Amino acid sequence: MYDVKSLKAEEFIDHEEILETLEYADKNKNNIELIEELLKKAEPKKTARGVECSGLTHREASVLLACEDPVIIEKIYALARKIKEAFYGDRIVMFAPLYLSNYCVNQCVYCPYHLKNKEIPRKKLTREEIKQEVIALQDMGHKRLAIECGEDPVNNPIDYVLDSVKTIYSIKHKNGAIRRVNVNIAATTVENYRKLKEAEIGTYILFQETYHKESYEKLHPAGPKHDYAYHTEAMDRAMDGGIDDVGLGVLFGLEMYRYEFAGILMHAEHLEAVHGVGPHTISVPRVKRAADIDPGVFDNGIDDDTFAKIIACIRIAVPYTGMIISTRENETCREKVLGLGVSQISGGSRTSVGGYAGYTPDERPHDTEQFDVSDQRSLDEVVYWLMKSGYIPSFCTACYREGRTGDRFMSLCKIGQIQNCCHPNALMTLQEYLSDYASPETKRLGEKLIEKEIMNVPNEKTRQIALDNLKQIRDGNKRDFRF
Ligand code: SAM
């Protein structure tokens, strides 16, 4: 029986409720009057305190996703763009993954790290190797990482992850620093989540892979990840352990996308109902080719247009949730979805264990790669491309360091302080990147952009402080300013 507040996976992700949602969506996908009403409901509204959005429920958003009318789809895209513009502006936050270990006791059938894959060498970074990787990432200009790790209580116990986080934060190479470490590790206990919180991680990320229990069990035939309830209830344990920022995701291609879409929104509604805070981010990975993995064997692959529609509908349904897209997607696809709601992208990524240090930008070690990277450009190329496409690449990590976690971003939107806070923070961290790491061409383009954009900070005092800070960064005096 569906109960958004239940702590049991099968009740807050109730299969019958999803089936009924899909049926309701099918019945109403041509109900233009209802759809227009939903689009109106989801519009950003100016209030005395700022801009607010109501979002949509999983049922409502599923109707939008089911609609095939090209005129309505354009309206969906336009609304998604408007919401994105209201809360995220042109800012795109940059990050990179750091693979710590590919030892894994699970048997996820889509992942090359599965236990039975004897074709790949198993590797786990030592403290010294982590240091080298982090230096390489800092030298590229990264400030935010997402650490990735297989599940293996012997080779990658929680203490290994905690020690790695500590090592990453401790490295200060030249002007570099990793200021936020997000963690993507397997579902674990409240006690371990508490330890991760104490280690000052940013977001705890865990992809559901699929919300469809029966498929989930088939796709994870053995190992601790086989337990659907333990996996699905992980975010509740993470929040009980004190982690405010959690990142959801499904691996598109495994199951029917409309099922997953309803599922992920139900999960978001559940977190909001139980903990008072929705997910900090939603990731939208698609299954990719990898050693021992042929994505063609999964019959639910989605084309780029459907992918874009999913992203736009997520943007409309959960307007305050960041959306992440990785280098699994190529440049063309990334360009298309950036405007529709994506707020964070990775750049210059390596998905192998030890893929950064000691390699030139054109060299890619493939032996321990988790999946093929489609966007193989360097971080500098991605930064340049973003600016050329009208975006502001941001290396900002201010929110969580200022204690603005959980629902605080939403409050920032509601009090209309985004332009006085996120905007100058993005520009100051971009200036750091330009001064310390950019190619001359990127630097030229970026400095022109900053000169123009800084004028869009409405509060005069804030603008003046930001201008002073920018000068200090350019003069090489100081780094790490934030509002
Ligand atoms: N081991 C952790 C777990 O089980 O949740 C997380 C780390 S895993 C390295 C990160 C994510 O990569 C997985 O959650 C999965 O969604 C994704 N992934 C695995 N195989 C993939 C593939 N062939 N193509 C694209 N993404 C894949």
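Above this text sits the structure in question.
In what follows, the accompanying structure is described. Each chain has its residues counted from 1, running along the sequence as written. Residues qualify for local features only when their pLDDT is at least 70, as the model is predicted, and side-chain atom pairs are given and counted only at 80 or more; totals for whole chains, interfaces and linings, by contrast, use all residues. Water and hydrogen atoms play no part in the side-chain values, which are based on all heavy atoms of the structure.

Thoughts on the overall build of the protein
Next, step 1: Strands here mean DSSP runs of E at least two residues long; helices mean DSSP runs of H or I at least four residues long; both are numbered from the N terminus. What the protein contains, in helices and strands, is 20 helices and 11 strands.
Next, step 2: For the radius of gyration, the atoms used are the C-alpha atoms, and the globule rule reads 2.2 Å times the number of residues raised to 0.38. Taking 2.2 N^0.38 as the reference for a compact globule, 483 residues should give roughly 23 Å; the C-alpha atoms of the protein span a radius of gyration of 21 Å, in line with that estimate.
Next, step 3: Along the longest, intermediate and shortest principal axes, the C-alpha atoms of the protein span 60 × 55 × 40 Å.
Next, step 4: Expressed as a percentage of contacts within the protein between residues at least 6 apart in sequence, the contacts between residues at least 24 apart total 74%.
Next, step 5: Using the Shrake-Rupley algorithm and a 1.4 Å probe, accessible areas are obtained, with residue cover drawn only from the displayed protein chains. Accessible surface computed for the protein: about 19,300 Å², of which carbon and sulfur atoms make up 50%.
Next, step 6: Positive residues here are Lys and Arg, negative ones are Asp and Glu, while His and the chain termini are left out of the count. Taken as the charge location is NZ of Lys, CZ of Arg, CG of Asp or CD of Glu. The protein carries 64 positive and 75 negative side-chain charges, and their two centres are separated by 6 Å. When checking whether two residues touch, look at their non-hydrogen atoms; a contact exists if any pair is within 4.5 Å.

Considerations on the site of the ligand
Next, step 1: We call a residue near a given molecule or strand whenever any one of its heavy atoms falls within 4 Å of it. The full set close to the ligand counts 18 residues, and Tyr 110, Cys 149, Glu 209, Lys 225 and Lys 288 are the nearest of them.
Next, step 2: Here a nitrogen atom of the ligand sits 3.0 Å away from a polar atom, N or O, in the side chain of Arg 328.
Next, step 3: At 3.2 Å from an oxygen atom of the ligand is found a side-chain nitrogen or oxygen belonging to Gln 370.
Next, step 4: Coverage of the ligand by the protein chains reaches 97% of its 570 Å² of free accessible surface. Counted as a polar contact is a pair of N or O atoms within 3.5 Å, where, for protein atoms, one must be capable of donating a hydrogen and the other of accepting one, and residues adjacent in sequence contribute only when both atoms are in side chains.

A word on the packing of helix H18 (residues 418-436) against helix H20 (residues 460-474)
Next, step 1: Put simply, H18 and H20 touch, their axes get as near as 9 Å, and they point 10° apart. As the angle between them shows, H18 and H20 are arranged roughly parallel. In contact with Asn 420, Pro 424, Leu 427, Met 428, Gln 431, Glu 432 and Ser 435 of H18, H20 contributes Thr 462, Ala 466, Asn 469, Leu 470, Ile 473 and Arg 474.
Next, step 2: Along the lines of polarity and charge, the residues of the contact of H18 with H20 split into 6 nonpolar, 5 polar and 2 charged. Helix axes are fitted to C-alpha atoms over the stretch in contact, other axes to C-alpha atoms as well, and angles between N-to-C directions run from 0 to 180 degrees. Oblique is the label for any angle not covered by the other classes, which are roughly parallel (under 35 degrees), roughly antiparallel (over 145) and roughly perpendicular (65 to 115). Residues are sorted three ways: Asp, Glu, Lys and Arg are charged, Ala, Val, Leu, Ile, Met, Phe, Trp, Tyr, Cys and Pro are nonpolar, and all the rest, Gly among them, are polar.

A word on unusual backbone geometry
Next, step 1: The phi dihedral of Lys 174 is positive, around 50°, even though this residue is not glycine.
Next, step 2: Even without being glycine, Asp 480 reaches a positive phi, approximately 65°.
Next, step 3: In this structure, Asp 480 sits in the segment after H20.
Next, step 4: On the basis of relative accessibility, which here comes to 29%, the residue Asp 480 falls in the partly exposed class. Using a 1.4 Å probe on the protein chains alone, a residue whose accessible area is under 20% of its type maximum counts as buried, one over 50% counts as exposed, and one in between counts as partly exposed.

Looking at the side chain of Lys 84
Next, step 1: Position of Lys 84 among the secondary structure elements: in helix H5 (residues 70-88).
Next, step 2: When a carboxyl oxygen of Asp or Glu lies within 4 Å of a side-chain nitrogen of Lys or Arg, that pair is called a salt bridge. Buried and unpaired, Lys 84 has no salt bridge, with Asp 90 as the nearest side chain of opposite charge at 6.3 Å.
Next, step 3: In terms of polar contacts, Lys 84 uses its side chain to reach the backbone carbonyl oxygen of Leu 338, at 2.9 Å.
Next, step 4: Excluding residues that lie within four positions of it along the chain, Lys 84 makes contacts with Gly 89, Ile 92, Arg 315, Leu 338, Gly 339, Gly 341, Val 342 and Tyr 391.

A short note on the pairing of strand S3 (residues 91-101)
Remember that side chains alternate between the two faces of the sheet whenever the strand is regular.
Next, step 1: Among the 11 residues that make up S3, 11 are buried, leaving the element largely enclosed by the rest of the structure.
Next, step 2: Note on pairing: two strands pair once DSSP finds at least 2 bridges between them. With 3 bridges connecting them, S3 and strand S10 (residues 344-346) associate as parallel partners. Its bridge partner being in S10, Phe 95 is matched across the sheet by Ser 346.
Next, step 3: A crossover gets the label right-handed when its path from the first strand over the helix to the second runs clockwise, viewed with the strands pointing away from the viewer. Between S3 and its parallel partner strand S4 (residues 144-149), the chain crosses via helix H6 (residues 127-140), and the hand of that crossover is right-handed.

Some details on the nonpolar core
Next, step 1: Core analysis: the largest hydrophobic core is formed by 153 residues, its most contacted members being Leu 98, Leu 196 and Ile 345.
Next, step 2: The contacts of Ile 345, once residues within four sequence positions are left out, are Ile 92, Val 93, Met 94, Phe 95, Ile 325, Arg 334, Leu 338, Val 382, Trp 385 and Leu 386. Nonpolar cores are built from buried Ala, Val, Leu, Ile, Met, Phe, Trp, Tyr and Cys residues. Side-chain atoms within 4.5 Å join them into one set.

Remarks on the packing of aromatic side chains
Next, step 1: Under the pairing criterion, centres of Phe, Tyr and Trp rings, with the six-membered ring standing for Trp, must be within 6.5 Å; the plane angle then separates stacked pairs below 30 degrees from edge-to-face pairs above 60, leaving the rest tilted. For the structure on display, the rule yields 6 aromatic pairs.
Next, step 2: Here the aromatic rings of Tyr 99 and Tyr 113 are separated by 6.3 Å at their centres, their planes lie at 85°, and the arrangement is edge-to-face. Of this pair, Tyr 99 sits in strand S3 while Tyr 113 sits in the loop between S3 and H6; the two residues are 14 residues apart in sequence, bridging distant segments of the chain.
Next, step 3: Counting every residue linked through ring pairs, the aromatic cluster contains Phe 395, Tyr 433 and Tyr 437.
Next, step 4: Lysine and arginine charges are scored as sitting over a ring when NZ or CZ, respectively, is within 6 Å of the ring centre and within 35 degrees of the ring normal. The ring centre of Tyr 24 lies 5.7 Å from the NZ or CZ of Arg 59, which sits over that ring.
Next, step 5: A cation over a ring is seen here: Arg 237 above Tyr 230, with NZ or CZ 3.7 Å from the ring centre.

Looking at H5
Think of an α-helix as 3.6 residues a turn; residues three or four steps apart then line up on the same face.
Next, step 1: Here the expected length of a helix is defined as 1.5 Å per residue gap, with one fewer gap than residues. Given a rise of 1.5 Å per residue, 19 residues ought to cover 27 Å, and the 26 Å separating the end C-alpha atoms of H5 matches this to within 8%.
Next, step 2: Where H5 begins, the capping side chain belongs to Asp 69, and its oxygen is found 2.8 Å from the backbone nitrogen of Val 71.
Next, step 3: Of the residues flanking the end of H5, it is Gly 89, one or two places downstream, whose phi is positive at about 55°.

Here's the deal with the pairing of strand S9 (residues 322-325)
Next, step 1: The alternating pattern of S9 places Gly 322 and Ile 324 on one face and Met 323 and Ile 325 on the opposite face, and all of these are buried.
Next, step 2: Sheet topology places strand S8 (residues 281-283) next to S9; 3 bridges connect them, and they run parallel. Bridging across to S9, Thr 281 finds its partner in Gly 322.
Next, step 3: Handedness of the β-α-β unit built from S8, helix H13 (residues 304-317) and S9 comes out right-handed.
Next, step 4: Here S9 pairs with S10 via 2 bridges, running parallel. By the bridge assignment, Ile 325 is partnered in S10 with Ile 345.
Next, step 5: You can see the chain leave S9, run along helix H14 (residues 331-338) and come back into S10, and the turn it takes is right-handed.

Some remarks on helix H2 (residues 15-28)
Next, step 1: Here H2 spans 20 Å end to end across 14 residues, near enough to the 20 Å set by a 1.5 Å rise per residue.
Next, step 2: Buried within H2 are the following residues: Glu 17, Ile 18, Thr 21, Leu 22, Ala 25 and Asn 28. Relative to the axis of H2, the buried residues are bounded by an arc of 140° and lie together on one face.
Next, step 3: Those residues of H2 hidden inside the fold are in contact with helix H3 (32-42), helix H4 (58-66) and helix H12 (257-275). Read the arc as the range of directions from the helix axis to the C-beta atoms.

Observations concerning the environment of Phe 395
Next, step 1: In this fold, Phe 395 is placed in the loop between strand S11 (392-394) and helix H16 (398-401).
Next, step 2: Between the alpha carbons of Phe 395 and Asn 425 there is a distance of 8.4 Å; along the sequence they are 30 residues apart.
Next, step 3: In this structure, Phe 395 is in contact with Met 94, Gly 141, Lys 143, Leu 379, Val 383, Thr 429, Leu 430 and Tyr 433, ignoring residues within four places of it in sequence.

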